[in-house]
Amino acid sequence: MPTSMVAGNWKMNTTLAQAVELAAGVRDGAGSLAGVDIVLCPPHISLQAVAEAVRGSAVKVGAQNMHFETTGAFTGEISSAMLKEVGCTYVILGHSERRHLFGEAETMINKKVHAAISGGLLPILCVGELLGQREAGETEAVIERQLQEGLSQVGVEKMAAVTIAYEPCWAIGTGKTAAPQQAQEVHAFIRKTLEGLYGRSLAQESRIQYGGSANPGNAAELLEQPDVDGLLVGGASLKGKDFLAIVDAAG
Ligand code: PEP
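In short, a report on the structure.

Calculation criteria
- Throughout, residues of each chain are indexed from 1 in the direction in which the sequence is written.
- Where local features are concerned, this predicted model is filtered to residues with pLDDT of at least 70; where side-chain atom pairs are given and counted, the filter is 80 or more; whole-chain, interface and lining totals use all residues.
- The side-chain values count all of the structure's non-hydrogen atoms but skip hydrogen atoms and water molecules.
- Per the convention used, a helix needs a DSSP run of H or I reaching at least four residues, while a strand needs a run of E reaching at least two, with both numbered from the N terminus.
- The globule rule used here is 2.2 Å times the number of residues to the 0.38 power, and the radius of gyration it is set against is calculated over C-alpha atoms.
- Each residue gets one of three labels from its accessible area relative to the maximum for its type: buried under 20%, exposed over 50%, partly exposed in between, using a 1.4 Å probe on protein chains only.
- Whenever a nitrogen or oxygen atom comes within 3.5 Å of another N or O atom, the pair is scored as a polar contact, on the condition that within protein one atom can donate a hydrogen and the other can accept it, and that pairs from neighbouring residues in sequence are kept only if both atoms are in side chains.
- Contact definition: two residues touch when any of their heavy atoms are within 4.5 Å.
- For a helix, the expected span equals 1.5 Å multiplied by the residue count minus one.
- Near residues are defined by distance, with any heavy atom within 4 Å of the molecule or strand qualifying the residue.
- Residues are sorted three ways: Asp, Glu, Lys and Arg are charged, Ala, Val, Leu, Ile, Met, Phe, Trp, Tyr, Cys and Pro are nonpolar, and all the rest, Gly among them, are polar.
- Pairs of strands are assigned from DSSP output, requiring at least two bridges between the strands.
- Simply put, an axis is a line fit to the C-alpha atoms, just over the touching stretch for a helix, and the angle between two N-to-C directions goes from 0 to 180 degrees.
- By definition, any crossing whose near helix is turned counterclockwise from its far helix by less than a right angle is left-handed, and any crossing with a clockwise turn is right-handed.
- Angular relationships are summarised with four words: roughly parallel below 35 degrees, roughly antiparallel beyond 145, roughly perpendicular across 65 to 115, and oblique for the angles in between.

**Observations concerning the overall build of the protein chain**
The helix and strand inventory of the protein chain stands at 12 helices and eight strands. Against the compact-globule benchmark of 18 Å for 251 residues, the protein chain has a radius of gyration of 17 Å, which places it among compact chains. Its C-alpha atoms put the protein chain at 45 × 45 × 35 Å along the principal axes. Burial analysis of the protein chain (251 residues in total) assigns 53% to the buried set.

Okay, here's the thing in structure tokens:
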């Protein structure tokens with residue numbers, strides 16, 4: 001059984017001061033909670049301060065995106081080494097907002113997965129279908145393609161660093177959570193796909209998070225599903241109390 005993990009994706013929603021305050025609250029509140037990996041993903045500009053705020057605690061820091069090159073003329077971009085240097089452990093890759101608002105394609109996401117692992121970061125690779133794809137019965141085909149292409153040439157050893165986050169696009173920021181059974185069905189499919197790609201033992205050990213309007217009211221039921229190993233939380237991670245309640249449900 002993989003250790004469960006709850007990650008908070010703050011997106012572009014916190015100033016530096018708000019990020020540090022939120023991080024300090026999670027650090028203090030999480031002190032007594034064991035058995036769950038906690039990751040905070042603030043905007044890039046707050047990463048260093050948040051890493052300092054949680055230093056010495058069990059709380060880890062993740063970035064929301066990165067570039068696949070290590071250095072060079074890539075205006076506005078950030079490399080894995082820069083993220084490591086300011087205290088990042090994780091990096092979210094292929095988030096649906098990156099895919100659909102910023103046009104990130106599978107080949108780019110795949111390059112980022114390779115670059116993150118080579119740079120010593122642990123990628124959280126997001127996959128998930130659009131509402132129209134679900135309604136057309138294409139969910140499994142979409143997820144399978146995203147896994148195959150996003151993980152292309154990622155061997156078994158590298159794969160041990162990767163967490164998969166199933167985030168149905170229609171559930172992100174909409175208040176419409178996938179029903180626990182719906183989430184479980186796709187998580188089981190993801191594990192089966194990983195088994196086909198990497199073998200049973202790695203598939204069993206892989207961590208598969210659910211993301212999409214998770215909140216303190218639905219977290220426990222989602223986490224009870226056998227293939228749900230954690231949650232990637234957007235909106236509810238912006239309220240320290242709610243985020244800690246979700247962490248508590250995962251512990
Ligand atoms: C997310 O952005 O990854 C997410 C899951 O957001 P929310 O929890 O707000 O749906």
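From this point, the narrative continues.
**Remarks on the side chain of R191**
Along the chain, the position of R191 falls in helix α9 (residues 180-198). A polar contact is formed between the side chain of R191 and the backbone oxygen of A203, at a distance of 2.9 Å. A distance of 2.5 Å separates the side chain of R191 from the side chain of D227, its partner in a polar contact. Beyond its immediate stretch of four places on either side in the chain, R191 contacts A203, Q204, S206, I208, P226, D227 and D229.

**A few points about α9**
Taking 1.5 Å as the rise per residue, α9 with 19 residues should run 27 Å; its terminal C-alpha atoms sit 26 Å apart, in good agreement. Those residues of α9 not exposed but buried are P180, A183, Q184, V186, H187, F189, I190, R191, T193, L194 and Y198. At the C-terminal side of α9, G199 shows a positive phi close to 95°.

**Some remarks on the site of the ligand**
Close to the ligand lie 14 residues, the nearest being K11, E167, G173, S213 and G235. The contact in question runs from an oxygen atom of the ligand to an N or O atom on the backbone of S213, over 2.7 Å. Contact between the ligand and G235: an oxygen atom at 2.8 Å from a main-chain N or O atom of the residue. Its residues assigned to classes, the shell around the ligand comprises four nonpolar, eight polar and two charged.

**Let's talk about the sheet that holds strand β1 (residues 4-9)**
Pairing in this closed barrel of eight strands is parallel, and the strands run β1-β2-β3-β4-β5-β6-β7-β8 around the ring. On average, each strand axis in the sheet is inclined to that of its neighbour by 25°, with strand direction left out of account. As paired strands, strand β3 (residues 60-63) and strand β4 (residues 90-93) are joined by two bridges and run parallel to one another. Along β4, the bridge assignment pairs G62 with Y90.

**As for the packing of helix α1 (residues 16-30) against helix α12 (residues 240-250)**
The interhelical angle for the contact between α1 and α12, taken along N-to-C directions, is 35°, at an axis separation of 10 Å. In this structure, α1 crosses over α12, and the sense of that crossing is right-handed. Packed against α1, whose contacting residues are L22, G25, V26, G29 and A30, the element α12 presents G240, F243 and L244 at the interface. Grouping the constituent residues of the contact of α1 with α12 by class yields five nonpolar, three polar and no charged.

**Describing the environment of K241**
On the secondary structure map, K241 appears in helix α12. A relative accessible area of 73% means that K241 is categorised as exposed. Distance in space between the C-alpha atoms of K241 and A136 is 38 Å, their sequence separation being 105 residues.

**Remarks on the packing of α1 against helix α2 (residues 47-54)**
Axis separation between α1 and α2 bottoms out at 9 Å; the angle between their running directions is 25°. The angle between the axes of α1 and α2 places the two elements in the roughly parallel class. Crossing handedness for the pair α1 and α2: right-handed. Between α1 and α2, the residues in contact are L16, A19, V20, A23 and R27 and A49, V50, A53 and V54, respectively. Partitioned by chemical class, the residues of the contact of α1 with α2 number eight nonpolar, no polar and one charged.

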